[in-house]
Amino acid sequence: MHHASARHNATARTGIWFVGARGSVASTATVGLAAIADGQAPPTGCVTAREPFASAGLPAFADLVVGGHDISSVTMTKRAECLVETGMIGPRLFAATHDALERADAEVRPGYDPHGSHADGSHADRPQTESQQAVAERLAADIASFQDRHDLARVVVIDLSSTEPPVVPAPEHDDVDALLVALADPARAVLPASSVSAYAAILAGAAYAAFTPSAGMGLPALTRLARERGIPVAGQDGKTGQTWLRTVLAPAFAARGLKVLSWAGTNLLGGGDGATLADPDAVRSKLASKNRGLTALTGSDTTPLHIDNVPDLGDTKVAWDHVHVEGFLGSRLTLQTTWSAHDSMLAAPLVLDLARLLALAHAAGISGPVPELGFFFKDPWGSDVHDAADQARAVEEWVRGTAAQVGR
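Criteria and thresholds
- Residues numbered from 1 in each chain as written.
- Predicted model: local features only at pLDDT ≥ 70, side-chain atom pairs only at ≥ 80, totals over all residues.
- Heavy atoms only, no water.
- Core = buried A, V, L, I, M, F, W, Y, C linked by side-chain atoms within 4.5 Å.
- Buried < 20%, exposed > 50% of the residue type's maximum accessible area, 1.4 Å probe, protein only.
- Contact = heavy atoms within 4.5 Å.
- Helix = DSSP H or I, 4+ residues; strand = E, 2+ residues; numbered from the N terminus.
- Right-handed = clockwise from strand over helix to strand, strands pointing away.
- Pairing = 2+ DSSP bridges.
- Axes fitted to C-alpha atoms, helices over the stretch in contact; angles between N-to-C directions.
- Salt bridge = Lys/Arg side-chain N within 4 Å of Asp/Glu carboxyl O.
- pLDDT = per-residue confidence, 0-100.
- Expected span 1.5 Å × (residues − 1).
- Phe/Tyr/Trp six-rings, centres within 6.5 Å; stacked < 30°, edge-to-face > 60°.
- Lys, Arg positive; Asp, Glu negative; His and termini not counted.
- Polar contact = N/O pair within 3.5 Å; in protein donor to acceptor, adjacent residues only side chain to side chain.

1. So, the nonpolar core
For step 1, the next point in the chain: Core analysis: the biggest nonpolar cluster contains 59 residues, and Phe-18, Ile-158, Phe-211, Leu-373, Phe-376 and Trp-398 have the highest contact counts within it.
For step 2, the next point in the chain: The contacts of Ile-158, once residues within four sequence positions are left out, are Ile-16, Trp-17, Phe-18, Val-19, Ala-209, Phe-211, Val-351 and Ala-355.
For step 3, the next point in the chain: Core analysis: the second largest hydrophobic core is formed by 41 residues, Val-65, Leu-152, Leu-179 and Ala-182 among them.

Okay, structure coming up:
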């Protein structure tokens, strides 16, 4: 373990290692972090900026250092520039954070793309002679080197990479010993890319959050390994907009004794997410994640949901919902909502929150899934609570108790 003396100091310098560091969410989070740390912008939208989080001894925004992996050659600065052109980031803010973006991008290392290039950036036109174990060790070495260079007490890995199709189950996903044997075999690729990154986080001793619906650390063997190695993990799939609103409204109908008959939804989005989710395999992961909580909260199995790629919308996401409810004496009530926002602006502050909260969990010696962080996720690990208000109370209680434990 690096920097053992800082193990129980949650406020020490902390690294955020983004998987998908050159994407819109990571670039927006990096701009926001630099702006907040420098006093250029208030931390509006950051849960951890309010009490009881603000006095819980979390790392200061100025003590967070950004690095990451990506398979893209488009720099964070260039990505942020594109977001300026779409009107999402103001030109003044971009100018004020330009140097911070350049510094963060200098910390980005080639990621693992099993279909295109290897972790060292070379292309897959040569015979595959490298095991996934070797790939994960190299990714972990990147994280460890980042931690050493910046004298960080700990690193939090956050997966923001493109959504993968649902993973094809394999016996090795449930058995740690069998998984380790398979990982060492160059002829096998038993893990999807997101899970190779999660395994690398374990090898590096880094806390981990899955902000996407991809498998990541969610495979039972990896979750078990994280618990055994003292690594706190949180997931899965960030609850940023439409799903958050649904988990606020659905409990309200239940509290009034009203019966939800159906809850239909449509998402329109462009940008990288829209293109990724135009793939029918990848979209299955997202649809399952978005619908699971709603089905649990309403008891209705009529919750059709569509996601459509509308390229000209860019990073703007539009979500429509039509809710049909049965009331007193069989009367009917209809609620329609329209939600429109820059998706990365919803996600970025939550990503910064997760980095700060997982730093606290790491300092407290918590291992395995942290169910109280379910507030941030559509499909929370270790928890079947989906009600947004219940989740908000749970994370507040957790941060008070954990901060008190670390402070002792």
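2. A word on the pairing of strand E1 (residues 14-19)
For step 1, the next point in the chain: Burial analysis of E1 places six of its six residues in the buried class, which makes it a mostly covered element.
For step 2, the next point in the chain: On E1, burial covers both faces: Thr-14, Ile-16 and Phe-18 on one face and Gly-15, Trp-17 and Val-19 on the other are all buried.
For step 3, the next point in the chain: With helix H1 (residues 24-37) bridging E1 and its parallel neighbour strand E2 (residues 64-70), the resulting β-α-β unit is right-handed.

3. Points about the sheet that holds E2
For step 1, the next point in the chain: Taken together, seven strands build an open sheet; the order of strands is E3-E2-E1-E4-E5-E6-E11 and the sheet is parallel. Of all strands in the sheet, those with a lone pairing partner are strand E3 (108-110) and strand E11 (368-369), marking the two edges.
For step 2, the next point in the chain: Two elements, strand E6 (residues 232-235) and E11, share two bridges in a ladder whose sense is parallel. Bridged to Pro-232 within E11 is Gly-368.
For step 3, the next point in the chain: The sheet contacts of helix H4 (residues 132-149) involve E1, E2, E3 and strand E4 (154-159), and relative to E2 the element is tilted by about 160°.
For step 4, the next point in the chain: Of the strands in this sheet, E1, E2, E4, strand E5 (207-210) and E6 touch helix H11 (residues 343-363), which is tilted by about 135° from E4.

4. Looking at the pattern of salt bridges
Pairs can form between side chains of opposite charge once their charged atoms are near each other.
For step 1, the next point in the chain: In total, this model carries nine salt bridges according to the counting rule given.
For step 2, the next point in the chain: Salt-bridge contacts for Glu-107 lead to Arg-149; the nearest nitrogen and oxygen are separated by 2.2 Å. Residue Glu-107 is found in the loop between helix H3 (91-105) and E3, and its partner Arg-149 is found in helix H4; the two are separated by 42 residues along the sequence.
For step 3, the next point in the chain: Owing to a relative accessible area of 42%, Arg-149 belongs among the partly exposed residues under this scheme.

5. Things to note about the confidence of the model for the chain
For step 1, the next point in the chain: Across the chain, the average pLDDT comes to 91, with 90% of residues at 70 or higher.
For step 2, the next point in the chain: Low confidence marks residues 1-5, where pLDDT is under 50. Its contacts with residues over four positions away, or in another chain, come to 11 contacts.
For step 3, the next point in the chain: Residue range residues 117-127 is modelled with pLDDT below 50. Its contacts to residues more than four positions away, or to other chains, number 23 contacts.

6. Examining the sheet that holds strand E10 (residues 332-342)
The strands making up a sheet are joined through hydrogen bonds of the backbone, oriented either antiparallel or parallel.
For step 1, the next point in the chain: The sheet built from four strands is open, its strands ordered E8-E7-E9-E10 with mixed pairing. The sheet terminates laterally at strand E8 (305-309) and E10, the two strands that pair on one side only. Averaged over all pairs of adjacent strands, the angle between their axes in this sheet comes to 10°, without regard to strand direction.
For step 2, the next point in the chain: Both strand E7 (residues 259-269) and strand E9 (residues 316-326) contribute to a ladder of 10 bridges, which runs antiparallel. Bridge pairing in E9 links Lys-259 to Glu-326.
For step 3, the next point in the chain: Packing against the sheet, helix H8 (residues 242-255) makes contact with E7, E8, E9 and E10, and its axis sits at approximately 170° to E7.
For step 4, the next point in the chain: Running over the sheet, H11 touches E9 and E10 and is turned about 80° from E10.

7. Topic: H8
Owing to its 3.6 residues per turn, the α-helix brings residues three or four apart onto one side.
For step 1, the next point in the chain: With 14 residues, H8 should reach 20 Å at 1.5 Å per residue; the first-to-last C-alpha distance of 20 Å fits that figure.
For step 2, the next point in the chain: Gly-257 sits one or two residues past H8 and shows a positive phi near 75°.

8. A short note on the packing of aromatic side chains
For step 1, the next point in the chain: For the structure on display, the rule yields five aromatic pairs.
For step 2, the next point in the chain: Aromatic side chains Phe-253 and Trp-263 sit 6.1 Å apart centroid to centroid with 80° between the ring planes, which places their arrangement in the edge-to-face category. Linking Phe-253 in helix H8 with Trp-263 in strand E7, this pair joins segments that are 10 residues apart in sequence.
For step 3, the next point in the chain: Owing to a relative accessible area of 10%, Phe-253 belongs among the buried residues under this scheme.

9. Details of the side chain of Arg-356
For step 1, the next point in the chain: With respect to the element layout, Arg-356 can be found in helix H11.
For step 2, the next point in the chain: Among buried Asp, Glu, Lys and Arg side chains, Arg-356 stands out as unpaired, with Asp-353 the closest opposite charge at 5.2 Å.
For step 3, the next point in the chain: Polar side-chain contacts of Arg-356 include one of 2.9 Å to the side chain of Thr-48.
For step 4, the next point in the chain: When residues no more than four places from it in sequence are discounted, the contact partners of Arg-356 are Thr-48, Ala-49, Leu-58, Pro-59, Ala-60, Phe-61 and Leu-64.

10. Remarks on the environment of Ala-189
For step 1, the next point in the chain: Note that Ala-189 resides in the loop between helix H5 (176-183) and helix H6 (193-204).
For step 2, the next point in the chain: Ala-189 gets classed as exposed once you look at its relative accessible area, which sits at 59%.
For step 3, the next point in the chain: For the pair Ala-189 and Ala-134, spaced 55 residues apart in sequence, the C-alpha to C-alpha distance is 12 Å.

11. Topic: unusual backbone geometry
For step 1, the next point in the chain: With omega at 5°, the peptide bond leading from Glu-51 into Pro-52 counts as cis.
For step 2, the next point in the chain: Position of Pro-52 among the secondary structure elements: in the loop between H1 and E2.
For step 3, the next point in the chain: The peptide bond linking Gly-235 to Gln-236 adopts the cis configuration, its omega dihedral lying at 15°.
For step 4, the next point in the chain: Checked against the element boundaries, Gln-236 lands in the loop between E6 and H8.
For step 5, the next point in the chain: The phi torsion at Leu-329 lies on the positive side, around 55°, for a residue other than glycine.
For step 6, the next point in the chain: Among the secondary structure elements, Leu-329 is positioned in the loop between E9 and E10.
For step 7, the next point in the chain: Residue classification places Leu-329 among the exposed positions, given a relative accessible area of 78%.

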